[in-house]
Amino acid sequence: RKEVEQDPGPFNVPEGATVAFNCTYSNSASQSFFWYRQDCRKEPKLLMSVYSSGNEDGRFTAQLNRASQYISLLIRDSKLSDSATYLCVVNILTGGGNKLTFGTGTQLKVEL
Amino acid sequence: NAGVTQTPKFRVLKTGQSMTLLCAQDMNHEYMYWYRQDPGMGLRLIHYSVGEGTTAKGEVPDGYNVSRLKKQNFLLGLESAAPSQTSVYFCASTHRQGVNQPQHFGDGTRLSIL
């Protein structure tokens, strides 16, 4: 079983739609969680951190369920510019520093 | 503020050749990381460093060496390149140990081994 699992997609949605991505992680010692965005042939960029109480940043809402080891990202009112791959990332703090484990990503295509 | 800079951006090597990838950050970050990204695999950690003069192995260290002689630079070396090392390589850095510290990435090096 992969440490971080995501549906690879692609998710093809019309502009203005609401889309949700899910992610599960296997290591219960994971301490922090992120969603990164990666455009084609570009570097990953932090989209938002994910907190236990759930958090929102504009059209983006992230939620975490530690008991189920499940993370979600909701995008409302999708824009063409939201087309990208979304990476679910979990962090374990060790004596060697932050150890990020990346999911393989979910591809989103927003269409006219 | 350049952030994390990787050189070169692209490189084609023949099997058996050696090369060094350079990562430089100007954010005074203590921690630096080298990843590779392959289709369907996600990013995998090769080596990392928690400070000047220290390095450690990640998930896929074989065939690579690293050095951190200066705090701002983290070098990734391929002593004898193999086709299996064809990949996109990303360097990242973060300020200090902390649960919610995200990593800042360079824009990648695309390496092809023939």
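Residues numbered from 1 in each chain as written. Chains lettered and ligands numbered in written order. Predicted model: local features only at pLDDT ≥ 70, side-chain atom pairs only at ≥ 80, totals over all residues. Heavy atoms only, no water.

> Got a minute to help me understand the sheet that holds strand β1 (residues 4-7) of chain B in this structure?
Within a sheet, each strand pairs with its neighbour through backbone hydrogen bonds, oriented either parallel or antiparallel. Residues and elements named next belong to chain B. Spatial ordering of the open sheet is given by β1-β3-β8-β7, a layout of four strands whose pairing is antiparallel. Of all strands in the sheet, those with a lone pairing partner are β1 and β7 (65-67), marking the two edges. Going across the sheet, the axis of each strand differs from the next one's by a mean of 20°, ignoring polarity. Two elements, β7 and strand β8 (residues 73-78), share three bridges in a ladder whose sense is antiparallel. What sits directly across from Val66, in β8, is Leu76. (Pairing = 2+ DSSP bridges. Helix = DSSP H or I, 4+ residues; strand = E, 2+ residues; numbered from the N terminus. Axes fitted to C-alpha atoms, helices over the stretch in contact; angles between N-to-C directions.)

> I'm lost on the pairing of β1 of chain B in this one. Help?
Within a regular beta strand, the side chains point alternately toward one face of the sheet and then the other, so they alternate between its two faces. Residue and element names in this part refer to chain B. Because side chains alternate across β1, one face comprises the buried residues Val4 and Gln6, and the other comprises Thr5 and Thr7, none of which is buried. Relative to strand β3 (residues 19-25), β1 runs antiparallel, the two sharing four bridges. Note that in β3 the partner of Thr7 across the bridge is Leu22. (Buried < 20%, exposed > 50% of the residue type's maximum accessible area, 1.4 Å probe, protein only.)

> Even after reading the chapter, I still don't get the interface of chain A and chain B, so can you show me in this structure?
One widely used convention gives an interface's size as the accessible area the parts lose upon coming together. Contacts between chain A and chain B engage 25 residues on the former and 26 residues on the latter. Carbon and sulfur atoms supply 56% of the area buried between chain A and chain B, which totals about 1900 Å² over both sides. The interface formed by chain A and chain B includes zero salt bridges. Summed over the shared surface of chain A and chain B, the result is three residue pairs in polar contact (both at pLDDT 80 or more). Of all the elements in the fold, those that place two or more residues in the side of chain A that touches chain B are β4 (32-38), β9 (84-94) and β10 (97-102) of chain A. Ranked by residues supplied to the side of chain A that touches chain B, first place goes to β10 of chain A with five residues. Residue composition of the side of chain A that touches chain B, by class: nine nonpolar, eleven polar and five charged. (Contact = heavy atoms within 4.5 Å. Buried area = accessible area lost by both parts, 1.4 Å probe. Salt bridge = Lys/Arg side-chain N within 4 Å of Asp/Glu carboxyl O. Polar contact = N/O pair within 3.5 Å; in protein donor to acceptor, adjacent residues only side chain to side chain. Nonpolar A, V, L, I, M, F, W, Y, C, P; charged D, E, K, R; others polar.)

> Please clarify how the pattern of salt bridges should be interpreted in this entry.
In total, this model carries eight salt bridges over all chains according to the counting rule given. For Asp77 of chain A, the salt bridge is made with Lys79 of chain A, and the minimal N-O distance between the two is 2.9 Å. By relative accessible area, which is 32% here, Lys79 of chain A ends up partly exposed. Across the salt bridge formed by Asp38 of chain B and Arg44 of chain B, the nearest N and O atoms sit 2.9 Å from each other. Take Asp38 of chain B: its relative accessible area is 12%, and that puts it in the buried class. By relative accessible area, Arg44 of chain B is classed as buried at 16%. One network of salt bridges, in which partners are shared, links Arg36, Asp38 and Arg44 of chain B.

> What's the story with the environment of Thr104 of chain A in this structure? I'm lost.
Its location among the elements puts Thr104 of chain A in the loop between β10 and β11 (106-111). Owing to a relative accessible area of 24%, Thr104 of chain A belongs among the partly exposed residues under this scheme. In sequence terms Thr104 of chain A and Asp77 of chain A are 27 residues apart; their C-alpha atoms lie 25 Å from each other. Non-local contacts of Thr104 of chain A, meaning those with residues more than four positions away in its chain, are made with Lys2, Gln6 and Leu87 of chain A together with Gly40, Met41 and Gly42 of chain B.

> In this structure, what is going on with the packing of aromatic side chains? I would like to understand it.
The way to describe two aromatic rings as a pair is by their centre distance and the angle between their planes. Throughout the structure, instances matching the rule amount to 13 aromatic pairs over all chains. With a centroid separation of 5.4 Å and 80° between ring planes, the pair formed by Phe102 of chain A and Tyr35 of chain B is classed as edge-to-face. Of the two residues, Phe102 of chain A is situated in strand β10 and Tyr35 of chain B in strand β4 (residues 31-38); the pairing between them involves two chains. One exposure class covers both Phe102 of chain A and Tyr35 of chain B, and it is buried. One aromatic cluster is present, built from ring pairs that chain together Phe34, Tyr36 and Phe102 of chain A together with Tyr33, Tyr35, Tyr48, Phe90 and Phe105 of chain B. (Phe/Tyr/Trp six-rings, centres within 6.5 Å; stacked < 30°, edge-to-face > 60°.)

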